[in-house]
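Results of the structural survey
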Amino acid sequence: MKTRRQRYSDSTKRALVDVAERLFTEHGYSATSLDAIVAGADVTKGALYHHFSGKQAIFEAAFERIESRATASIGRATEGHRDPWEKARAGLRAFLEAVQEPGYRQVVISDGPSVLGHERFREQEERSTYAIVDEIVRSVLAGDEWALDDQMLDTFTRIFFGAMSAAGGSVAVSDDPAAAAARVDAAIGFIMDGLRQLLHAEAGSGVTSRT
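Looking at an unreviewed UniProt entry, one finds the chain named TetR/AcrR family transcriptional regulator and attributed to Nocardioides glacieisoli.

All chains considered together, the criterion is met by 16 salt bridges. The salt bridge involving K45 is made with D35; its shortest N-O contact spans 2.6 Å. Of this pair, K45 sits in helix α3 (residues 45-51) while D35 sits in helix α2 (residues 34-41); the two residues are 10 residues apart in sequence, bridging distant segments of the chain. As a salt-bridge pair, D185 and R93 come within 3.2 Å of each other at their nearest N and O atoms. With a gap of 92 residues between them, D185 in helix α9 (residues 177-205) and R93 in helix α5 (residues 84-98) connect regions that are remote in the sequence. Residue D185 is classed as buried on the basis of its relative accessible area of 15%. The class of R93 is partly exposed, set by a relative accessible area of 42%. Connected through salt bridges with shared partners, the residues D18, E21, R65 and R69 form a single ionic network.

Below, the discussion takes up the domain arrangement of the chain. Assigned domains of the chain: these are domain 1 (1-52) and domain 2 (63-201). Computed from C-alpha coordinates alone, the two centres of domain 1 and domain 2 are separated by 31 Å. Between domain 1 and domain 2, the residue contacts involve 8 residues of the former and 9 residues of the latter. Contact between domain 1 and domain 2 buries roughly 660 Å² in total, counting both sides, with carbon and sulfur atoms accounting for 55%. Looking at the side of domain 1 facing domain 2, the largest losses of area belong to E21, T25 and Y29, adding up to 68% of the total buried there. Taken together, the connections running from domain 1 to domain 2 amount to 3 salt bridges. Inspection of the domain 1/domain 2 interface yields 4 residue pairs in polar contact (both at pLDDT 80 or more). Considering only residue class, the side of domain 1 that touches domain 2 consists of 3 nonpolar, 2 polar and 3 charged.

Mapped onto this numbering, the UniProt entry annotates "DNA-binding region" (unreviewed entry) at residues 33-52. Spanning residues 33-52, this segment combines 75% helix with 0% strand, and its end C-alpha atoms are found 14 Å apart.

Here the focus is the side chain of T157. Tracing the sequence through the fold places T157 in helix α8 (residues 150-172). Note on T157: relative accessible area 0%, which makes it buried. Among all residues touching T157, those that are not within four sequence positions of it are Y130, V133, D134 and V137.

This brings us to the packing of aromatic side chains. The description of two aromatic rings rests on the distance between their centres and on the angle between their planes. One pass over the structure, following the stated rule, counts 7 aromatic pairs. Pairing F59 with F63 gives two aromatic rings, centres 6.4 Å apart and planes at 45 degrees, and the pair type is tilted. With F59 and F63 both in helix α4 (residues 55-78) and 4 residues apart, this pair spans about one turn of that helix. Each member of the pair, F59 together with F63, is buried. Residues F156 and F160 carry aromatic rings whose centres are separated by 6.5 Å and whose planes lie at 20 degrees to one another, so their mutual orientation is stacked.

Thresholds, definitions, all that
- Residues numbered from 1 in each chain as written.
- Predicted model: local features only at pLDDT ≥ 70, side-chain atom pairs only at ≥ 80, totals over all residues.
- Heavy atoms only, no water.
- Salt bridge = Lys/Arg side-chain N within 4 Å of Asp/Glu carboxyl O.
- Helix = DSSP H or I, 4+ residues; strand = E, 2+ residues; numbered from the N terminus.
- Buried < 20%, exposed > 50% of the residue type's maximum accessible area, 1.4 Å probe, protein only.
- Domains from an automatic or database assignment.
- Contact = heavy atoms within 4.5 Å.
- Buried area = accessible area lost by both parts, 1.4 Å probe.
- Polar contact = N/O pair within 3.5 Å; in protein donor to acceptor, adjacent residues only side chain to side chain.
- Nonpolar A, V, L, I, M, F, W, Y, C, P; charged D, E, K, R; others polar.
- UniProt positions renumbered as here; feature names shortened; annotations may be inferred.
- Phe/Tyr/Trp six-rings, centres within 6.5 Å; stacked < 30°, edge-to-face > 60°.

This is the structure in structure tokens:
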């Protein structure tokens, strides 16, 4: 059981990230100051530095929270689908909904790469959503009839993950994200339908190896 001091510390940290997420979403990274964050959370700057080393650190905490929410929503959307292709489409649509959220658009897509740096940004993306993409790809393609080895499955995962990241970025920066999401959904739907037909045709013809 946590002590009163520990509970207060946790509460302070949550309040700081809550305010930081809201301000970064509304104003962007450059226009948000630490003074504004501590004022919004009604704490001292010393309390902020107790939990975070500076502005970039608290931005990263807000970034991770937004990514975690998106990952959780995608995970919930894919639950309960026995058909792996339906699971993939459900995951895609949940992802496209997530990237339309103001926080995701501003914090993750707009500010994330420049604040965190490209390498760190990609690490964060892979840690949050890559595992879900890998699970979906393997559920679709890992059947014995396709005879795909782990290296080929990893290749498919990276291709689809890259496509999803690019598509999400195009939706997030669009002036009409809902329309952009609908176009992405339709385009990737065509690709998935074509792949499904190709795999079924090859399975029917006895072509099983793509290693």
